[in-house]
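The residues making up each chain are set out below.
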Amino acid sequence: MVEIEIDGKKVEVQEGSMVMDAANKLGTYIPHFCYHKKLSIAANCRMCLVEVEKAPKPLPACATPVTAGMIVRSSSDKAVKAQKAVMEFLLINHPLDCPICDQGGECQLQDLAVGYGGTASRYDEEKRVVFHKDVGPLVSMEEMSRCIHCTRCVRFGQEIAGVMELGMLNRGEHSEITSFVGKTVDSELSGNMIDLCPVGALTSKPFRYSARTWELSRRKSVSAHDGLGSNLIVQVKNHKVMRVVPLENEEINECWISDKDRFSYEALNSTERLTKPMIKQGGQWQETDWQTALEYVAHGLRNVKHEHGADAIAAVAAPSSTLEELTLLQRVVRGLGSDNIDFRLRQSDFALDSSVKPWLGTSIARFGQLKNVFVIGSFLRKDHPLLAARLRQSVKMGAKLSILHATNDELLIKLANNAVVAPSLWTAFLAEVAVAIAAKKEIAKPAGFEAVQASAKAEAIAANLLAGNAGVFLGNTASYHPQASQLHALAQWIAENAGTEFGYLTEAANTVGGYLANAIPANNAKPVFTEAKKAYIVLHAEPLLDSAHPVQAKAALDNAEMVVVMSPFKHGAEYADVLLPVSPYTETSGTFVNCEGRAQSFHGVVKPLGDTRPAWKVLRVLGNLLGLENFDFETAEAVRATVLTQADLTTQLTNLAKLAPAVPASAAAGMERIADVGIYSTDAIVRRAESLQLTADARAPQAWISSADASKLGIAEGDMVRLSKTGSTLIPVGIDKSLPDNVVRIAAGHSLTSNLDGMFGAIKLERA
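Residues numbered from 1 in each chain as written. Predicted model: local features only at pLDDT ≥ 70, side-chain atom pairs only at ≥ 80, totals over all residues. Heavy atoms only, no water.

Digging into the nonpolar core
Alright, step 1. By size, the foremost hydrophobic cluster in this structure holds 70 residues, and its most contacted members are F33, M47, F156, L166, L202 and L401.
Alright, step 2. Per-element accounting of this core gives the leading share, 6 residues, to helix α11 (residues 385-396).
Alright, step 3. With 52 residues, the next largest nonpolar core counts I313, L329, I341 and V564 among its residues. (Core = buried A, V, L, I, M, F, W, Y, C linked by side-chain atoms within 4.5 Å. Buried < 20%, exposed > 50% of the residue type's maximum accessible area, 1.4 Å probe, protein only. Helix = DSSP H or I, 4+ residues; strand = E, 2+ residues; numbered from the N terminus.)

Let's talk about the sheet that holds strand β13 (residues 240-246)
Alright, step 1. Strand order in the open sheet formed by 3 strands is β11-β12-β13, with antiparallel pairing between adjacent strands. Here the strands that pair on one side only, and so sit at the sheet edges, are β11 (217-222) and β13. Each strand axis lies, on average, 35 degrees off the axis of its neighbour in the sheet, ignoring direction.
Alright, step 2. Bridging between β11 and strand β12 (residues 231-237) involves 6 bridges; their strand directions are antiparallel. Across the sheet, V222 pairs through a bridge with N231, a residue of β12. (Pairing = 2+ DSSP bridges. Axes fitted to C-alpha atoms, helices over the stretch in contact; angles between N-to-C directions.)

Looking at the sheet that holds strand β5 (residues 71-73)
Alright, step 1. The 5 strands lie next to each other as β2-β1-β5-β3-β4, forming an open sheet whose pairing is mixed. One side of each edge strand has no neighbouring strand; the edge strands of this open sheet are β2 (9-13) and β4 (59-60).
Alright, step 2. In this fold helix α1 (residues 19-26) packs onto β1 (2-6), β2 and β5, with an angle of close to 115 degrees to the strand it touches most, β2.
Alright, step 3. On top of the sheet, helix α2 (residues 77-91) reaches β3 (49-52) and β5; it is set at about 160 degrees to β3, its chief contact. (Contact = heavy atoms within 4.5 Å.)

Topic: the UniProt feature "domain: 4Fe-4S Mo/W bis-MGD-type" (unreviewed entry) in the protein
Alright, step 1. Those places that UniProt annotates as "domain: 4Fe-4S Mo/W bis-MGD-type" (unreviewed entry) correspond, in this numbering, to residues 216-272.
Alright, step 2. Taken as a whole, residues 216-272 contains 9% helix and 35% strand, while its terminal C-alpha atoms sit 25 Å from one another. (UniProt positions renumbered as here; feature names shortened; annotations may be inferred.)

What to know about empty space enclosed by the protein
Alright, step 1. Counting across every chain of the model gives 9 cavities of 30 Å³ or more.
Alright, step 2. Put simply, the largest cavity is a space of about 270 Å³.
Alright, step 3. Taken together, 27 residues line the largest cavity, and the ones lying closest to its centre are R346, Y480, E507, A508 and T682.
Alright, step 4. Among the elements of the structure, α10 (380-383) and α14 (476-480) are those that each provide at least two residues to the lining of the largest cavity.
Alright, step 5. Here the lining of the largest cavity gets 3 residues from one element, more than from any other, and that element is α14.
Alright, step 6. Taken together, the residues that form the lining of the largest cavity break down as 11 nonpolar, 6 polar and 10 charged.
Alright, step 7. Considering only enclosed or pocket space, the second largest cavity measures out at about 170 Å³ in volume.
Alright, step 8. Forming the boundary of the second largest cavity are 17 residues, of which S320, H540, P584, Y585 and I685 lie nearest the centre. (1 Å grid on protein atoms, 1.4 Å probe; cavity = no way out; pocket = protein on both sides within 12 Å on 5 of 7 lines; lining within 4 Å. Points joined across faces, edges and corners; volume = space filled by probe spheres on them. Nonpolar A, V, L, I, M, F, W, Y, C, P; charged D, E, K, R; others polar.)

Structural data, given as structure tokens:
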């Protein structure tokens, strides 16, 4: 530690720190533009010039290392004169368009110009003009004449997002930030550049010219879209969500959020919102009041129970439903005498014992500190953008990341080992890793693995895991896999015998909470639509897009006598009998339990739209109408208290199963499918966010095959092919040289592919 003095106050900081770090520790503000605590030092704005005793001229606080006994003055005449001179230069070319600038009111340049700018400019020459750029539907670069070349956006892309999508052209007065020729900004974290921009050069295209910052109320919330539970500030005007920005939480999302969290709010104000209860009468939809709708639902459920028995009633929910909603939904179903309740719609293997309640297995912060990580079955960058960003930083600091998957997507992370094998061979590859660990530790192989030989890649992964400070994690795709239980058993054996962390990169905002709420069958679990029921309650889910078996789901819903859809959006009209408008996360109180087992509660930030009601209230009233016990809750907090009985929720969670690894299966014969769920196809809200649906990541699905398969089948890129898997669909083909042979990659969660049943397994492909 080194002691220095800043403006008469002494402070101790780590040797090698910069003066700016010492000032931050003291709480002393030094003006700056290019400095950011999460980015590398650029020292190109020069706004943080300070006087350092014995130095001949002012020095930049962000790039000046501390030395023992250093005396710094940040507000002396010499320092302030230097800062004012820098501000004069910065304002030479800056346009005077603050009244129409979206950054007005929250602009660092505007704020510092008040303290350090002159009342008039001595610069009489013509100001420079920078031509605008179109870089996609999310980030606006319409007013690049405002840019002060702090390069925060460039450094963010290189260092945090992992891809340099913006860069600096030319020199001096002719410098400008631009994208590569003809390229858009497609990173799943691109919106963070808007937050980082200290001026109005980069602004939000969906938010552009819709409100002034001082008109907005700011309210805390939690993301409803992935397992991280990013903390948000939701900005509201006239009871309408206008913008979403990150709330800093170093333990969870640091100071970033993904574009999915940032821009999905557009769906909350879309024309697809359902605002009144509706009942289908004689094939026609009619609006009605809540009392009539709920009495109709209660009557229908009673009739089904009376005529077909309680087992004919089932409920399905999206894993982004709140803890309170899932708790009351399962109480309604079980109060009626049924055990048919599930939120794991994309899962197809339920052989794990019910005691397993999957979670990350460690804290998010600890996850980012692991030195050897093995991820099994995850489209990591798109499924978990901010966990991927943490891994990206870890790898830069020397950590080693190994991946097992059926695709070789660009993760923008340097990989130590990358095993790209067909889904049917994942268990075989994990068996090789297990055998390699057994050999290196001189312990017995799992029973029946005597004939398994470890490949060089499996040996390398085993060596990394045995090096210590390691973790084995199963991703979304592994949990959807038809052999998910065996993948789990093998991964668990590997983790236990290598002495590593073991967990799941969980799918959605409340996947962990779904287990805590007991919104799963007590026993004999199977894909929820396998056995058609006579009555379904559907909460927040779109079964034809959210299910592993959409054809099966459609058949079951079409043949049911009563289908109740509870959703903020108009969907399911073709199979539903009742549509109940329930609140999205911004219009209700609730709790999400994130991947690390942290419960995060939030309140509604706007009034429910139209006659929309919070789903937990609707379910409570439904329970009362059905005459069920323990439905006298007055608040969401009261519902929550019945579930969150312990401060440390991780004591109620476990990744450990009692299932022994089995001898791996042989490769599937013929073509097999691997399905990804697009980053902007994951849930009902994201699918209706207009700007997100215009991005490159939201483009229509293609059937991707390897070069060898394309040659064998006589298919060229762009040809139309017919895919058959229970149902069939016509789709263009794309060629991915990195795909294993006999593997077809087709996205799920999209209307164009909802005729294909099953996210894995045999599939037929032929030229159309």
